[in-house]
Amino acid sequence: MNFYTRKWVKPEDLNAHGTLFGGRLLSWIDEEAAIYAIIQLGTNGCVTKYMSEINFISSAKQGDIIELGIKATGFGHTSISLTCQVRNKITHRVIVTVDKIVFVSLDEAGKPVAHNKTAIHYTDERLREDD
């Protein structure tokens, strides 16, 4: 798992119990996964198609630093599948896991379109390719 994004849990991120609101965390996951998919597919014309069971394992509280890890697990003709893990940066305790998130590449009309990708490319590899 590659951990790319860190978030600082602030008062506006809390629920009525004083812990990180699950909806806020899911929003962060969807945004980070979308950015990952856009980079992998080379287009911002992709949307979230599917998110599997979301397993909340532990909570986070105000002041915690959490990190979101995203990893590509496969490519379809028009899609990319990802997995996600969120953990506490200091304790490394897992907060949530999502086994599968699927993004689909769309054309200008909003119809699924082939992306022609078959392998994961990491950001540093893309930078070297542009040299």
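Bear in mind that the values here come from a model prediction, so they are computed numbers and not experimental data.

### A closer look at the pattern of salt bridges
And step 1. Scanning all chains against the criterion turns up six salt bridges.
And step 2. Linking Glu67 and Arg6 is a salt bridge whose minimum nitrogen-to-oxygen distance equals 3.4 Å. With a gap of 61 residues between them, Glu67 in strand β4 (residues 65-75) and Arg6 in strand β1 (residues 2-8) connect regions that are remote in the sequence.
And step 3. Using a relative accessible area of 1% as the deciding quantity, one classes Glu67 as buried.

### Some remarks on the side chain of Thr78
And step 1. Along the chain, Thr78 turns up in the loop between β4 and β5 (79-88).
And step 2. Accessibility expressed as a relative area gives 18% for Thr78, which makes it buried.
And step 3. Look past the residues within four positions of Thr78 in its chain and what remains in contact with it is Phe103, Val104, Ser105, Pro112, Val113, Ala114 and His115.

### Quick word on the pairing of β4
And step 1. Relative to β5, β4 is paired through nine bridges, and the arrangement is antiparallel. Along β5, the bridge assignment pairs Ile70 with Cys84.
And step 2. Hairpin connection from β4 to β5: three residues lie between these consecutive antiparallel strands.

About the criteria used
- Residues numbered from 1 in each chain as written.
- Predicted model: local features only at pLDDT ≥ 70, side-chain atom pairs only at ≥ 80, totals over all residues.
- Heavy atoms only, no water.
- Salt bridge = Lys/Arg side-chain N within 4 Å of Asp/Glu carboxyl O.
- Helix = DSSP H or I, 4+ residues; strand = E, 2+ residues; numbered from the N terminus.
- Buried < 20%, exposed > 50% of the residue type's maximum accessible area, 1.4 Å probe, protein only.
- Contact = heavy atoms within 4.5 Å.
- Pairing = 2+ DSSP bridges.

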